[in-house]
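# Survey of secondary and tertiary structure
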Amino acid sequence: MNILSGLSGSRLLRALLKPALRQLSSRRLSQLDGRIYLPGLRQPVSISRDHWGIPTIRAENRADLFLAQGFIHAQERLWQMEIHRRAASGQLAAIVGETGLETDRFSRTLGFPRLAQSTWDLTSETVRTDILAYTAGINAFLKTDRPLPVEFSLLRHTPEPWTPLDSVAFSRLMAWTLSHGFANKLTRAQLIEKVGSEAAAELELHYPKDNPVTLPQGIEFNLFEPGGLLRAVEGPFIGRFMAGRGRGSNAWVINGNRTASGHPILCNDMHLPISTPSLWYVLHMHCPESPRSPGLHVAGASLPGLPYVLVGHNEYIAWGATVSFVDNEDLFVERFSPDHVDQYEFEGSWRRADIIEEKIKIRNRPAIIEQVVVTHHGPLITPVLPSNGQVLALASRSLAPNSSFDGFAMLNEARHWDEFVSAVQRIESPALNLVYADTTGNIGYYVTGRVPIRRSGTGQVPVPGWTGEHEWIGDVPFEEMPHAFNPSAGFLVTANNRIVGDDYPHFLGAAWRNGYRARRVTDLIGQKEELTLADSRRFQSDLYSIPGRELVNRLEGLSLKDEEAVACLALLRAWDGRMDAEGAGGVIYKTLVGRLSKAILQPRLGESLTEIFLGAGPHPVLYPFGESHSQWIAVLFRLLDQEESFWLPPAKARIRILEQGLASTMRELRDAFGDDATRWTWGKNHQILFGHSLSAQPPLDQVFNVGPFIVGGDADTVCQMSISPGDGANNIAPSYRQVIDLGDWNSVLVMHAPGQSGHLASPHYADLAEPWLKGDYYRLNWTEAATEAAAYKTLQLLPPIAVTES
């Protein structure tokens, strides 16, 4: 049953709905000043917000600090938090109906709620205490008399109290979505079945030789001598400083020898599916150290539903993150007994699988029972994903109990490299590239996560699970995971590109992004001897397409007869390679690539498998992008460079395909935009939307969504604005940017969009969208004087009166 039946059919209702809901929302906005007496609070807490709604929390003790963080997350993002915990626990269908059922089935199969309990059991007492305080803050908000966000009224839903396991389950969902491996193996198996192994092998990404690896020297460790020279040392030297000191994306870090300020600069822009509200909630938290608990002073991007800051800085260090794309997942083909549904073969004998019955409630429909089967490899994903008749178990390091929560908590408190490394060691999932800089001038890098060592092979396709030949027999030792400290180059760049060269002794994967963004950032850094924050801001907004110009170069010298093809190539030759929204070059280039991909791939693969190969993910909500996303352009170049290929004919026939692609591109753009090419713009074809979780239900998309906005860029520009191959939506973009000079914490610049608040009527619902589009930033103030000067609203959280008087 449609939860909003009748609304979508009336234009009048559609026109009236947004102002009506905004009016309703205006009576539910967060209290941002005055006083609130909060149960569970021990001492007064101050929350000051600047004119963008960015809060600074100042508490007298750690428990109150996290209670306040939970409270303000719930104040501004309660609906988002409800959706996140239900996605993690597989309970979406209970409130949204049948549209949430497939997501629930997938979540129950992967077992995030089951993982939550085992993860909680491994979590340290300190972190448990923090999570409990954070949970108490959320529930303190739920007990206030403030009406719930308008989305709850629309669905006639009242949230249950928050539990610590809700936070832990959501953290496990996030870790899994940032892990990679299995989707590419499904795609590869489908390709092999369709065209054979040799033809499928031609579509593998061979990392372009001109594009950089993150650690060209391999694992590298250097210390600064007093004169500023570097001296090689053994690493990772955990504990070296202990006696003297006590305890998805682009990122780069530059040491002070190459910056105008003389201090390291660390930059990060995390490219993730964008939404309304933003995935991130930016804040600044501070409480002093006491004999009873450690203090905390940290600022950056947090995730509503989780305590701490995930990316940012404290008093001593700054860090950023990108997805590493190391391969820590495999698919095992299981053989089950024809006589016993719970028995599967392994090394000549039968093992008993765990069978778990998951009851899934569905709004306005009877509940269903999902039978989840788990072997020692992992859960069977066959019931929830297409598998060509095979029974597949997913083995994933992100689906194993771990203490990663402790690792992220330790990052918030780390004071130097040793403590940073100790934190990284605890982050067993997800697998991330973490860049590092500290106030003493050091820079570094470490890959988090556990990467399996396989008994044989590399698991690049589903492998027999019954033989034991492909079992995981351990993990890459932590000290051998890719890392560097003060590299001799003076900087580090990571942009989902290949991490290490061929001489690295362990298999880490083969699904890197193509490296063009990393190459462009490396080129930009090399253009100046002394770099500034302004330079890094400019880099993060860069729209130059290296592969765009490389494609044009490959087309030079073609002997073309078709007048439309000649005209198209002339326009491309005149293009400067920048994917500006206002220019024509980007739309010509991308249209041509689309035409060539259809001409080359679809005759052999069909439309559906072509979309999957180009990067459509196995699940539209939990996994919308596969590992092959954005790899096609590099594969295309290799096919064009090969004299013989299954996918392209030789000589004149190949030229004919290119000529037809150019000509059809010209005709398509003339039909769409008219004959005057000076009026063609990439932005007309390239618009980005911040979609809300209720936007699938018209007319709520017109109420809650922010945008669409005309943008430039694509998957291969440093400012990545990427297109989902499945539905054509532009939904991967810089979800959070930070530019940090370690010499001045008050100069830290950040940006997230569309706004800080999830309340429709809030002035902070979409006020950051325009600055984000322009490449602007806001200042994330740090010192007490700076935060007080920027304070626009100040809220006092106080213990209950009875406690205060006692």
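Owing to the predicted nature of the structure, the values given are computational and were not obtained by experimental measurement.

## Comments concerning the overall build of the protein chain
Regarding its fold elements, the protein chain presents 25 helices and 34 strands. Oriented by its inertia axes, the alpha-carbon framework of the protein chain measures out at about 90 × 75 × 65 Å. For the protein chain, the computed accessible surface area is about 30800 Å², with 51% contributed by carbon and sulfur atoms. With 74 positive and 88 negative side-chain charges, the protein chain shows a spacing of 4 Å between the two charge centroids.

## A word on the packing of helix 18 (residues 585-613) against helix 20 (residues 651-673)
In the contact formed by helix 18 and helix 20, the axes pass within 9 Å of each other and the chain directions differ by 125°. Of the possible angle classes, the one that applies to helix 18 and helix 20 is oblique. Helix 20 is crossed by helix 18, and the crossing has right-handed handedness. On helix 20, the residues touching Val587, Ile588, Thr591, Leu592, Arg595, Leu596 and Ala599 of helix 18 are Ile657, Leu658, Gly661, Leu662, Ser664, Thr665, Glu668, Leu669 and Phe673. For the contact of helix 18 with helix 20, a count of residues per class yields ten nonpolar, four polar and two charged.

## Quick notes on the confidence of the model for the protein chain
The share of residues in the protein chain with pLDDT of 70 or more is 92%, and the mean pLDDT across the chain is 91. Across residues 1-8 the pLDDT falls below 50, and counting only partners more than four positions away or on other chains, this stretch makes 16 contacts in the model. Across residues 237-247, confidence stays below pLDDT 50; counting only partners more than four residues off in sequence or on other chains, it has 30 contacts.

## So, the environment of Leu191
If you trace the backbone, Leu191 turns up in helix 9 (residues 182-195). The exposure class of Leu191 is buried, given its relative accessible area of 4%.

## Details of the pattern of salt bridges
If charged atoms from side chains of opposite charge come close, those side chains can pair. Under the criterion given, the structure shown has 40 salt bridges. Note that Glu358 and Arg108 form a salt bridge whose closest N and O atoms lie 3.1 Å from each other. Under the relative-accessibility criterion, Glu358 is labelled buried at 14%. As a salt-bridge pair, Arg595 and Glu668 come within 2.9 Å of each other at their nearest N and O atoms. With Arg595 in helix 18 and Glu668 in helix 20, this pair connects stretches of sequence that are 73 residues apart. Salt bridges sharing common partners tie together Glu82, Arg85, Arg86 and Asp166.

## Focus: the pairing of strand 34 (residues 793-798)
Bridging between strand 1 (residues 34-37) and strand 34 involves four bridges; their strand directions are parallel. Each residue of the ladder has a partner; that of Gly34, found in strand 34, is Leu795. Here strand 2 (residues 45-49) pairs with strand 34 via five bridges, running antiparallel. Counted as the bridge partner of Val45 is Leu797 from strand 34.

## Concerning the sheet that holds strand 13 (residues 329-333)
The strand order 18-13-22 describes an open sheet built from three strands, whose pairing is mixed. Because the sheet does not close on itself, it has two edges, and the strands there are strand 18 (392-396) and strand 22 (463-464). Direction of pairing for strand 13 relative to strand 22: parallel, over a ladder of two bridges. By the bridge assignment, Phe332 is partnered in strand 22 with Val463.

## Let's talk about the environment of Met579
Mapped onto the fold, Met579 is located in the loop between helix 17 (563-573) and helix 18. We classify Met579 as buried; its relative accessible area is 0%. It is 9.2 Å that separates the C-alpha atoms of Met579 and Tyr589, two residues lying ten residues apart in sequence.

## Regarding the environment of Pro650
If you trace the backbone, Pro650 turns up in the loop between helix 19 (632-641) and helix 20. Put simply, Pro650 and Leu640 are ten residues apart on the chain and 9.8 Å apart in space, counted from C-alpha to C-alpha.

## So, the nonpolar core
Nonpolar side chains in soluble globular proteins generally cluster together in the buried interior. With 177 residues, the main nonpolar core has Leu21, Trp280, Ile381, Phe420, Ile525, Phe704 and Leu797 as its most contacted residues. Judged by nonpolar contacts, the second largest core, of 50 residues, contains Trp575, Leu596, Ile633 and Leu640.

## Some words on the packing of helix 4 (residues 101-110) against helix 5 (residues 112-122)
Running from N to C, helix 4 and helix 5 cross one another at 35°; their axes reach a closest spacing of 5 Å. For the pair helix 4 and helix 5, the contacting residues are Ser107, Arg108, Thr109 and Leu110 in the first and Phe112, Pro113, Arg114 and Leu115 in the second. Tallied by class, the residues present in the contact of helix 4 with helix 5 amount to four nonpolar, two polar and two charged.

## Points about the packing of aromatic side chains
Summed over the entire model, instances satisfying the criterion amount to 22 aromatic pairs. Seen in terms of ring centroids, Trp417 and Phe420 are 5.3 Å apart; in terms of plane orientation they differ by 35°. Their pairing is tilted. You can see Trp417 and its partner Phe420 sitting in helix 13 (residues 417-426), three residues apart, about one turn around the helix. With relative accessibility at 0%, the residue Phe420 sits in the buried group. Ring pairing ties together the aromatic residues Trp417, Phe420, Tyr436, Tyr446, Phe478 and Phe485, which thus form one cluster. A cation over an aromatic ring shows up here: Arg554 above the ring of Phe637, its NZ or CZ 4.2 Å from the ring centre.

Rules and cut-offs
Each residue is numbered by its place in its chain's sequence as written, counting from 1. Local features in this predicted model are restricted to residues of pLDDT 70 or higher, and side-chain atom pairs are both shown and tallied only at a pLDDT of 80 or more, whereas totals for entire chains, interfaces and linings draw on every residue. Side-chain measures here rest on the full set of heavy atoms in the structure, leaving out hydrogens and waters. Strands here are runs of E lasting at least two residues and helices are runs of H or I lasting at least four, both read from the DSSP assignment and numbered beginning at the N terminus. Working definition of accessibility: Shrake-Rupley area with a 1.4 Å probe, residue cover restricted to the visible protein chains. Just so you know, the count uses Lys and Arg for positive and Asp and Glu for negative, and it drops His and the chain ends. A charged residue contributes its charge at one atom only: NZ of Lys, CZ of Arg, CG of Asp or CD of Glu. In this analysis an axis means a line fitted to C-alpha atoms, helices contributing only their contacting stretch, and an angle means the value between N-to-C directions, from 0 to 180 degrees. Angle categories are assigned with fixed cut-offs, so that under 35 degrees is roughly parallel, over 145 is roughly antiparallel, 65 to 115 is roughly perpendicular, and the rest are oblique. Note on convention: near helix rotated counterclockwise from far helix by under a right angle means a left-handed crossing. Clockwise means right-handed. Contacts are assigned to residue pairs with any non-hydrogen atoms lying within 4.5 Å of each other. Residues were grouped as follows: Ala, Val, Leu, Ile, Met, Phe, Trp, Tyr, Cys and Pro as nonpolar; Asp, Glu, Lys and Arg as charged; and all remaining residues, including Gly, as polar. Per-residue confidence from the predictor is given as pLDDT, running between 0 and 100. Exposed residues in this analysis have more than 50% of their type's maximum accessible area, buried residues have under 20%, and partly exposed residues fall in between, with area computed by a 1.4 Å probe over protein chains only. For this document, the term salt bridge refers to a Lys or Arg side-chain nitrogen within 4 Å of an Asp or Glu carboxyl oxygen. At least two DSSP bridges between two strands are needed for those strands to be called paired. Working definition of a nonpolar core: buried Ala, Val, Leu, Ile, Met, Phe, Trp, Tyr and Cys residues. They are joined through side-chain atoms within 4.5 Å. Working definition: rings of Phe, Tyr and Trp (its six-membered ring) pair if their centres are within 6.5 Å, and the pair is stacked with planes under 30 degrees apart, edge-to-face with planes over 60 apart, and tilted otherwise. In this scheme, the term charge over a ring applies when either NZ of a lysine or CZ of an arginine sits within 6 Å of the ring centre and within 35 degrees of the ring normal.

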